Amino acid sequence: MSTEDQLSSSYHILTPLENAFYTNINNQEQPQMMNRIMSIINDRLDDAQQYKDAFNRNPMQPILFDILREIKQKNGLNMRQISNEDDSYKQELARLDTMLLAERIVDRYPNEVSTNNSMEIEHPEYEEKLNRIRHFYHTELARFDKNSNDFCTHVLTLLHEQSQIRPITPEEISHMISMVRKKLCLIQIQLKQNTCEAVMNLRTRFLDARRKRRNFDKTTQKILNEYFYSHLSNPYPSEQVKEELARKCGVTISQVNNWFGNKRGRYKKNMLKNE
DNA sequence: TCGTATGATTGAGA
DNA sequence: TCTCAATCATACGA
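Each value, and the rule that gives it
- Residues numbered from 1 in each chain as written.
- Chains lettered and ligands numbered in written order.
- Predicted model: local features only at pLDDT ≥ 70, side-chain atom pairs only at ≥ 80, totals over all residues.
- Heavy atoms only, no water.
- UniProt positions renumbered as here; feature names shortened; annotations may be inferred.
- Phe/Tyr/Trp six-rings, centres within 6.5 Å; stacked < 30°, edge-to-face > 60°.
- Helix = DSSP H or I, 4+ residues; strand = E, 2+ residues; numbered from the N terminus.
- Buried < 20%, exposed > 50% of the residue type's maximum accessible area, 1.4 Å probe, protein only.
- Near = heavy atom within 4 Å.
- Polar contact = N/O pair within 3.5 Å; in protein donor to acceptor, adjacent residues only side chain to side chain.
- Nonpolar A, V, L, I, M, F, W, Y, C, P; charged D, E, K, R; others polar.
- Patch = residues over 30% accessible without salt bridge, like charges linked within 9 Å, V, L, I, M, F, W, Y side chains within 5 Å.
- Areas by Shrake-Rupley, 256 points an atom, 1.4 Å probe, with all protein chains shown as cover.
- Salt bridge = Lys/Arg side-chain N within 4 Å of Asp/Glu carboxyl O.
- Lys, Arg positive; Asp, Glu negative; His and termini not counted.
- Charge placed at Lys NZ, Arg CZ, Asp CG, Glu CD.
- Axes fitted to C-alpha atoms, helices over the stretch in contact; angles between N-to-C directions.
- Parallel < 35°, antiparallel > 145°, perpendicular 65-115°, else oblique.
- Contact = heavy atoms within 4.5 Å.

Here is the UniProt Sequence similarities (unreviewed entry) comment for chain A, exactly as written: "Belongs to the TALE/PBX homeobox family." Of chain A, the UniProt comment under Subcellular location (unreviewed entry) reads exactly: "Nucleus".

Set out below in structure tokens:
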């Protein structure tokens, strides 16, 4: 169906503006305007500028643009879908921002001093590499912000220029900008994901290094041995006791479990050897 | 440097 | 899920 047919078939629901247009089309000085619009596709480029200028000077041009804008609006854009996608991107960005905050790549407020948490790794090399990741992230983010603002401004300028020669609704402009922002948002998500991944890799490397065994200090050994030998008949501490011992010794419950597992096995082995 | 002690990991079994 | 036994990797002391 041609555009002209579409216009005709929807005549029964025409708005007052459309009615005015058709009345003018049918009765007044531009009866061939629609035909001219339809055939313009076959024109040579050299002629096109002339037609465009003539079209822009035509007093009916604004009315035609208004109607076409209304038709576009009716045929509509699925804003709800865009809105849902926006929400999921926002959620993903919020999740990544929380991670970047926790890993001290970003501060909650400018000049805020990061507080230490229990998983903090205190190692000069770790700090140095973390600083490099932080610096890279902020540099890239600043570059991204500048480029995306420039790009959006450019798109807006382009759309504004385009609106002189074709009907563009404000919703359509807003839709296009939101599409552009959505694409930019994906780049931002990628940057943040890569940064988080880099920090995780760094953290894993240093946590692995810390897994190198360290003997428990004398106090810890004394506390654990005291419990073990005073409960030789049943050296299986309850969960509550394990928690208490872990707290007293400043080790994890898992370490307490390992210690008792090793101790029972080795004690038994020694006893058998001595018999 | 080497033997031993020790914390952590893994796989099997209850 | 807990325990045990075997094993690994490292710390430690002589």
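Next, the rest of the story.
## Considering the packing of aromatic side chains
Here a ring pair, both rings aromatic, is described through the centre-centre distance and the interplanar angle of the planes. Throughout the structure, instances matching the rule amount to seven aromatic pairs. Seen in terms of ring centroids, Phe 228 and Phe 260 are 6.5 Å apart; in terms of plane orientation they differ by 45°. Their pairing is tilted. Of this pair, Phe 228 sits in helix α9 (residues 218-230) while Phe 260 is found in helix α11 (residues 253-274), placing the two residues 32 residues apart along the sequence. Assigned by exposure class, Phe 228 and Phe 260 land together as buried.

## Considerations on the protein's contact with DNA strand B
In the neighbourhood of DNA strand B, eleven residues make up the surrounding shell, with Arg 213, Gln 255, Asn 258, Asn 262 and Arg 266 lying closest. Of all DNA strand B atoms lying within 4 Å of any protein atom, the proportion belonging to sugar or phosphate reaches 44%. In the model, a phosphate oxygen of DNA strand B is placed 3.4 Å from a nitrogen or oxygen of the Trp 259 side chain. Here a base nitrogen of DNA strand B and a side-chain polar atom of Asn 262 are 2.8 Å apart. When residues of the surface near DNA strand B are assigned to their parent elements, the largest contribution, five residues, is made by α11. Within the surface near DNA strand B, the residues separate by chemical class into two nonpolar, five polar and four charged.

## Some details on a positive patch on the surface
A surface patch of positive charge is lined by Arg 213, Arg 266, Lys 269 and Lys 273. One can find Arg 213 in the loop between α8 (170-210) and α9. By relative accessible area, which is 70% here, Arg 213 ends up exposed.

## Looking at the packing of helix α10 (residues 239-249) against α11
For the pair α10 and α11, interaxial distance at closest approach is 8 Å and the crossing angle is 105°. Considered as vectors, α10 and α11 are oriented roughly perpendicular to each other. Here Lys 242, Glu 243, Leu 245 and Ala 246 of α10 come into contact with α11, specifically with Ile 253, Val 256, Asn 257 and Phe 260. Within the contact of α10 with α11, the residues separate by chemical class into five nonpolar, one polar and two charged.

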